Amino acid sequence: MAHHYSKQWRGIIRSVILVRDDFKCVVCGRESISNHVHHLNNSPGCNQSSNLVTLCAAHHQLVGRFKLKLVEQYKPLDIDFHRSFDEIIQRAIMLDAIK
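Rules used throughout
- Residues numbered from 1 in each chain as written.
- Predicted model: local features only at pLDDT ≥ 70, side-chain atom pairs only at ≥ 80, totals over all residues.
- Heavy atoms only, no water.
- Helix = DSSP H or I, 4+ residues; strand = E, 2+ residues; numbered from the N terminus.
- Buried < 20%, exposed > 50% of the residue type's maximum accessible area, 1.4 Å probe, protein only.
- Contact = heavy atoms within 4.5 Å.
- Areas by Shrake-Rupley, 256 points an atom, 1.4 Å probe, with all protein chains shown as cover.
- Core = buried A, V, L, I, M, F, W, Y, C linked by side-chain atoms within 4.5 Å.
- Expected span 1.5 Å × (residues − 1).
- Bend = angle between axes of the 7 residues up to and from the residue.
- Disulfide = S-S within 2.5 Å.
- Polar contact = N/O pair within 3.5 Å; in protein donor to acceptor, adjacent residues only side chain to side chain.

Enquirer: When you look at the overall build of the protein in this model, what are you seeing that I'm missing?
Expert: Assigned secondary structure in the protein consists of 3 helices and 2 strands. Tracing the protein from N to C terminus, the helices and strands come up as α-β-β-α-α. Every one of the 99 residues in the protein was classed for burial, and the buried ones make up 28%. Long-range contacts, defined here as pairs at least 24 residues apart, represent 56% of the contacts in the protein between residues at least 6 apart. Surface exposure of the protein reaches about 6,700 Å², of which carbon and sulfur atoms provide 56%.

Enquirer: Sorry if this is basic, but what is going on with the nonpolar core here?
Expert: General note: in soluble globular proteins, nonpolar side chains tend to be found buried as a group. Counting 11 residues, the largest nonpolar core consists of W9, I12, I13, V16, I17, L18, V37, L52, F85, I89 and I93. Of the residues forming this core, the biggest block, 6 residues, is contributed by helix α1 (residues 7-20). Apart from residues lying up to four places away in sequence, L18 is in contact with F23, I33, N35, H36, V37 and T54. C25, V53, L55 and V63 belong to the second largest nonpolar core, which has 5 residues in total.

Enquirer: What's the story with the environment of M94 in this structure? I'm lost.
Expert: Relative to the elements of secondary structure, M94 occurs in helix α3 (residues 79-98). Along the chain, M94 and Q8 lie 86 residues apart, while their C-alpha atoms are 9.7 Å from each other.

Enquirer: Explain the environment of G64 to me, please; I cannot follow it from the model alone.
Expert: Here G64 is to be found in helix α2 (residues 57-65). With 22 residues separating them in the primary sequence, G64 and N42 have C-alpha atoms 8.9 Å apart.

Enquirer: Before we go on, may I ask you to explain α1 in this structure?
Expert: Along an α-helix, residues three or four apart share an orientation, since each turn contains 3.6 residues. Its 14 residues give α1 an end-to-end C-alpha distance of 19 Å, which sits within 8% of 20 Å, the value for a rise of 1.5 Å per residue. Residue I13 marks the point of greatest curvature in α1, where the axis turns by about 30 degrees. When α1 is considered as a whole, its buried residues turn out to be W9, I12, I13, V16, I17, L18 and R20. One or two steps after α1, the chain reaches D22, where phi turns positive at roughly 55 degrees.

Enquirer: Could you clarify how one ought to interpret the state of the cysteines in this entry?
Expert: By definition, a disulfide is the covalent link that joins the sulfur atoms of two cysteine residues. Applying the stated criterion across every chain, the model contains 0 disulfides. We note that C25 lacks a disulfide partner, and the nearest cysteine sulfur, in C28, lies 3.7 Å from it. There is no disulfide at C56, and the cysteine sulfur nearest it, in C25, is 3.8 Å away.

Enquirer: I'm lost on the environment of S34 in this one. Help?
Expert: Looking at the secondary structure, you find S34 in the loop between α1 and β1 (36-39). Separated by 10 residues in sequence, S34 and K24 place their C-alpha atoms 9.9 Å apart. A polar contact of 2.8 Å, which involves the side chain of S34, links it to the side chain of S32.

Enquirer: Got a minute to help me understand unusual backbone geometry in this structure?
Expert: Residues apart from glycine generally show negative phi values, whereas peptide bonds are mostly found in trans. One non-glycine residue, F23, lies in the positive phi region at around 60 degrees. Here F23 lies in the loop between α1 and β1. Phi angles above zero are rare outside glycine, and N42 is one such case at about 60 degrees. Topologically, N42 is positioned in the loop between β1 and β2 (52-55).

Next comes the structure, spelled out in structure tokens:
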């Protein structure tokens with residue numbers, strides 16, 4: 001089933017996570033502007049930065065198709081770092097709503 005992501009997801013949240021991860025897949029390091037952002041808990045509504053990682057299309061397909069779970073080593077760990085990104089995401093969403 002395809003997920004329908006919000007304007008904030010497509011325009012802000014996804015972009016912030018790609019920049020945070022240097023556009024690189026956290027599994028293989030492939031760098032691409034077209035890489036995907038994956039929800040670690042598989043919940044599209046949980047957009048906290050600590051729940052999001054960049055994956056190349058191949059690894060995202062493996063996670064989705066075979067229900068493979070990413071091991072803890074791929075999960076971002078720095079809480080203060082993520083708090084900063086969550087604040088950036090929230091401010092960007094607020095500014096976008098004002099437009």
